[in-house]
Amino acid sequence: MKVLVTGGAGFIGSHIVHWLRRAGYEVVTADNLQTGKRANLPADVPLYELDIRDQAGLADLFAAERPQAVVHQAALANVRESMEDPITYAEVNIIGTLHLLELVKDYNCTKFIFASTGGAVYGEGSFPNRKAVEGDEEGRPSPGSPSLPFTEDSRPQPKDNYGANKLSCEHYIELYNQNYDLPYVILRYANVYGPRQDANGEAGVVAIFTGAMLSDQATHITGDGGQQRDFVYVDDVARANILALNSELSGTYNVGTGFPTDINTLYRQLADLTGYGRTPSRLPRPAGEVRATWLNCSKAGQELGWEAEIDLSEGLRRTVEWARTAAVTA
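Identification of the chain as NAD-dependent epimerase/dehydratase family protein from Caldilineaceae bacterium SB0664_bin_27 is taken from an unreviewed UniProt entry. The UniProt entry for the chain carries this comment under Sequence similarities (unreviewed entry): "Belongs to the NAD(P)-dependent epimerase/dehydratase family."

This is the structure:
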């Protein structure tokens, strides 16, 4: 089977490409190289340098390559930027996805795998332990907010434009399934981290902290650092995409560890790994940032046979090791 990976030269996409090749798939990629890098891909993997807003360019790609499945990773994914530039985010994330869905329909592709976000689609959750938000009135969820961890049945309530974009795409994908029998899997990622994540390009607090600490630069934490996130290692995410592609099921699945880690704890772990001794400055929490989000991933375990295998301590160790090597060879 030939698989098109959009955003294939990016952080997550390039890992998926390597896992697809390892599994025996033929792979072609599309990436505008805004944050992706050609060096992330094997030299013999075709790369079409185009933006998913380029409808004619995508049509030419499909006509030339005729992929049988699409793994759609390309997106603008910075929560704060999405609040500052909602139009561009909607054009890339929603209109670009619709361009792909039309081509997937026209070429009768056998599967559409979509990278959504569990970190932004669900919005603010209610803490099982109310002490976790004591003294943080702004971060308290509104009445009726779903309890944590989020399941796929939790009511989505995105607080930022990026999350709203992804939720809109989910609705369109389900529409194409209902009207055109398009097999699909939507994967709602937690906070993905790992090698190849660019501290200066793509969003990701692990990469940002690691890059600053290894170069002994100043660091900062927004708010009080008590924000809680579900950090999932990129190889686990790539493996989820392979299992989704191989599955005959259509549906939506959370992809995370199921365990929350607050930003202060993450900071201390990375400081220990990098030998960083500075104290972070504190900045106000930005609009659209949720206080806490982590995911229940039991559905993925039961139906896809997937669960996270790399715990945070090991994942951070691998990430710092890679970053050290990358800094030396840069």
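(A) Broad picture of the nonpolar core. Within the largest apolar cluster, 41 residues are counted, with the highest numbers of intra-cluster contacts made by Val 3, Ile 12, Leu 20, Leu 187, Tyr 189 and Val 192. Elements represented by at least two residues in this core include exactly strand S1 (2–6), helix H1 (11–22), strand S4 (69–72), strand S5 (111–117), strand S6 (184–189), helix H8 (234–246) and strand S11 (251–255). If near-sequence neighbours (up to four positions away) are discounted, Tyr 189 is found in contact with Ile 12, Ile 16, Gln 73, Ala 115, Ser 116, Thr 117, Gly 118, Gly 119, Val 237, Asn 241, Val 255 and Leu 295. Among the nonpolar cores identified, the runner-up in size contains 28 residues, and Leu 98, Leu 100, Leu 101 and Ile 186 belong to it.

(B) Just the packing of helix H4 (residues 86–106) against helix H6 (residues 161–180), in detail. Axis separation between H4 and H6 bottoms out at 10 Å; the angle between their running directions is 15 degrees. Viewed along their axes, H4 and H6 adopt a mutual orientation that is roughly parallel. The handedness of the crossing between H4 and H6 is right-handed. On the side of H4, the interface is formed by Pro 86, Tyr 89, Ala 90, Asn 93, Ile 94, Thr 97, Leu 98, Leu 101, Glu 102 and Lys 105, while H6 contributes Asn 161, Tyr 162, Asn 165, Ser 168, Cys 169, Tyr 172, Ile 173, Tyr 176 and Tyr 180.

(C) A look at the pattern of salt bridges. Applying the stated criterion across every chain, the model contains 17 salt bridges. Residue Arg 53 is joined to Glu 91 by a salt bridge in which the shortest nitrogen-to-oxygen separation is 3.8 Å. Remark: Glu 91 occurs in helix H4 and Arg 53 occurs in the loop between strand S3 (47–48) and helix H2 (55–65); sequence separation between them is 38 residues. For Glu 91, a relative accessible area of 36% translates into the label partly exposed. Connected through salt bridges with shared partners, the residues Glu 314, Arg 317, Arg 318 and Glu 321 form a single ionic network.

(D) Seen up close, the pairing of S1. The buried fraction of S1 is high, at 5 of 5 residues. A crossover links S1 with its parallel partner strand S2 (residues 26–30), the connecting element being H1, and its sense is right-handed. Across 4 bridges, the pairing between S1 and S4 is parallel. By the bridge assignment, Val 5 is partnered in S4 with Val 71.

(E) Quick look at the sheet that holds S4. Within the open sheet, the 7 strands sit side by side as S3-S2-S1-S4-S5-S6-S11. Their pairing is parallel. Edge positions in the sheet fall to S3 and S11, since each of these pairs with one other strand and no more. Pairing of S4 with S5 involves 4 bridges; the strand directions are parallel. Residue pairing across strands places Val 71 opposite Ile 113, the latter belonging to S5.

(F) Representation of the environment of Glu 152 in the model. Within the fold, Glu 152 resides in the loop between helix H5 (118–121) and H6. When its relative accessible area of 16% is taken as the criterion, Glu 152 is described as buried. As for Glu 152 and Asn 296, which are separated by 144 residues in sequence, their C-alpha atoms are 8.0 Å apart.

(G) Fine view of unusual backbone geometry. Along the chain, Leu 148 connects to Pro 149 via a cis peptide bond; the corresponding omega equals 0 degrees. Following the sequence through the fold, Pro 149 ends up in the loop between H5 and H6. Here the phi dihedral of Arg 196 falls at roughly 80 degrees; this positive angle occurs in a residue that is not glycine. As for its placement among the helices and strands, Arg 196 is situated in the loop between strand S7 (191–193) and helix H7 (205–214). A relative accessible area of 22% places Arg 196 in the partly exposed class. Of note in this structure, Asp 216 is not a glycine but carries a positive phi near 55 degrees.

What counts and what doesn't
Residues numbered from 1 in each chain as written. Predicted model: local features only at pLDDT ≥ 70, side-chain atom pairs only at ≥ 80, totals over all residues. Heavy atoms only, no water. UniProt positions renumbered as here; feature names shortened; annotations may be inferred. Core = buried A, V, L, I, M, F, W, Y, C linked by side-chain atoms within 4.5 Å. Buried < 20%, exposed > 50% of the residue type's maximum accessible area, 1.4 Å probe, protein only. Helix = DSSP H or I, 4+ residues; strand = E, 2+ residues; numbered from the N terminus. Contact = heavy atoms within 4.5 Å. Axes fitted to C-alpha atoms, helices over the stretch in contact; angles between N-to-C directions. Parallel < 35°, antiparallel > 145°, perpendicular 65-115°, else oblique. Left-handed = near helix turned anticlockwise from the far one by under 90°. Salt bridge = Lys/Arg side-chain N within 4 Å of Asp/Glu carboxyl O. Right-handed = clockwise from strand over helix to strand, strands pointing away. Pairing = 2+ DSSP bridges.

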